[in-house]
Amino acid sequence: DVVVPVYNEQVDLRPSVERLHAFLTEELPYGFRVTIADNASTDATWAEAQALAAELEHVRAVHLDAKGRGRALKAVWSASDAPVLAYMDVDLSTDLRALLPLVAPLISGHSDLAIGTRLSRSSRVVRGPKREIISRSYNLILRGALSASFSDAQCGFKAIRAEVAHDLLPLVEDDNWFFDTELLVLAQRAGLRIHEVPVDWVDDPDSR
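A brief report on the enclosed structure follows. (Residues numbered from 1 in each chain as written. Predicted model: local features only at pLDDT ≥ 70, side-chain atom pairs only at ≥ 80, totals over all residues. Heavy atoms only, no water.)

**Focus on the nonpolar core**
Part 1 of the argument: Residues L13, L20, L24, I36, M88, L99 and F157 are the most contacted members of the largest nonpolar core, which totals 33 residues.
Part 2 of the argument: When residues of this core are traced back to their parent elements, those giving at least two are β1 (2-6), α1 (13-27), β2 (34-39), α2 (45-55), β4 (84-88), α4 (99-108) and β7 (157-161).
Part 3 of the argument: It is α1 that provides the largest number of residues to this core, a total of five residues.
Part 4 of the argument: Among all residues touching L24, those that are not within four sequence positions of it are V2, F32, V34 and L99.
Part 5 of the argument: If you look at the next biggest cluster of nonpolar residues, it comprises 27 residues, including V76, A82, L169 and L183. (Core = buried A, V, L, I, M, F, W, Y, C linked by side-chain atoms within 4.5 Å. Buried < 20%, exposed > 50% of the residue type's maximum accessible area, 1.4 Å probe, protein only. Helix = DSSP H or I, 4+ residues; strand = E, 2+ residues; numbered from the N terminus. Contact = heavy atoms within 4.5 Å.)

**Observations concerning the packing of α1 against α2**
Part 1 of the argument: For the pair α1 and α2, the least separation of the axes is 10 Å and the interaxial angle reads 30°. The angle between α1 and α2 places the two elements in the roughly parallel class. Viewed along their axes, α1 and α2 form a crossing whose handedness is right-handed. For the pair α1 and α2, the contacting residues are L13, R14, V17 and E18 in the first and T45, E48, A49, A51, L52 and E55 in the second.
Part 2 of the argument: Its residues placed into classes, the contact of α1 with α2 shows five nonpolar, one polar and four charged. (Axes fitted to C-alpha atoms, helices over the stretch in contact; angles between N-to-C directions. Parallel < 35°, antiparallel > 145°, perpendicular 65-115°, else oblique. Left-handed = near helix turned anticlockwise from the far one by under 90°. Nonpolar A, V, L, I, M, F, W, Y, C, P; charged D, E, K, R; others polar.)

**Some words on the packing of aromatic side chains**
Part 1 of the argument: All told, the structure shown has three aromatic pairs when counted by the stated rule.
Part 2 of the argument: A ring pair is formed by W177 and F178, whose centres lie 5.1 Å apart and whose planes are at 90°; its orientation type is edge-to-face.
Part 3 of the argument: With a relative accessible area of 44%, W177 lands in the partly exposed category.
Part 4 of the argument: Since its relative accessible area comes to 42%, F178 is described here as partly exposed. (Phe/Tyr/Trp six-rings, centres within 6.5 Å; stacked < 30°, edge-to-face > 60°.)

**Section: the environment of L73**
Part 1 of the argument: With respect to the element layout, L73 can be found in helix α3 (residues 69-79).
Part 2 of the argument: Its relative accessible area of 0% is what places L73 among the buried residues.
Part 3 of the argument: For the pair L73 and N176, spaced 103 residues apart in sequence, the C-alpha separation works out to 9.8 Å.

**Overview of the pattern of salt bridges**
Part 1 of the argument: The final tally for this structure, using the stated rule, is 15 salt bridges.
Part 2 of the argument: Taking the shortest distance from any N to any O, the salt bridge between R60 and D1 comes out at 3.8 Å. Here R60 is found in strand β3 (residues 59-64), whereas its partner D1 is found in the segment before β1, with 59 residues between them in sequence.
Part 3 of the argument: Put simply, D81 and R33 hold a salt bridge, and the shortest N to O gap is 3.0 Å. Taken as a pair, D81 in the loop between α3 and β4 and R33 in the loop between α1 and β2 lie far apart in primary sequence, 48 residues in all.
Part 4 of the argument: You can call R33 partly exposed: its relative accessible area is 23%.
Part 5 of the argument: Put simply, D1, R33, R60 and D81 are held in one network by salt bridges that share partners. (Salt bridge = Lys/Arg side-chain N within 4 Å of Asp/Glu carboxyl O.)

**Here's the deal with a nonpolar patch on the surface**
Part 1 of the argument: A cluster of nonpolar side chains, contributed by Y30, L100 and I107, occupies part of the molecular surface with about 230 Å² of accessible area.
Part 2 of the argument: In this structure, L100 sits in helix α4. (Patch = residues over 30% accessible without salt bridge, like charges linked within 9 Å, V, L, I, M, F, W, Y side chains within 5 Å. Areas by Shrake-Rupley, 256 points an atom, 1.4 Å probe, with all protein chains shown as cover.)

**Here we look at the side chain of S111**
Part 1 of the argument: Note on placement: S111 falls in the loop between α4 and β5 (113-117).
Part 2 of the argument: Accessibility expressed as a relative area gives 2% for S111, which makes it buried.
Part 3 of the argument: Ignoring sequence-local partners within four residues, the contact set of S111 consists of P105, L106, R161, R193 and H195.

Written out as structure tokens, the structure reads:
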């Protein structure tokens, strides 16, 4: 179940979901579902999400009355019947070819969570210097303050085994931007296996 949280993305939603759906249909050797999670958008995003769900097989749309990426992921992941739960940013900044290496270790049982990392030497990243400095500084703080062993807490490209999610999600307090970090810190402290996948990333400065 690939969740795409969105807020006021009426322009980018359709091309992104159509591209994602085509990739999953053609390249992923597993059954899939794409869930568009609308975070209380104030534009035409919800209408577009409903239209996509009606047009494309294995696509559904869920509406939330309050904003928050963490809130959306908690709601959708908690209710999903899929054995592997994933999410990615609607701008599809991450090269989709990294999706299979992301979910395969979870399906095989090798790992409990998987995250994309833009900070590996083999990753190729295109983004402005401001975001690059913020990202590297944030992850440096995490390593120093919380002894984080994972390299990139905020990359919008993650997956988790459903049974692990059901254990961890009730413990995550943040419903917004720090959801990812809190989830990973809890997983690390519980001794769970976190798999990292180097990703190619092209930043979208207009994404919300």
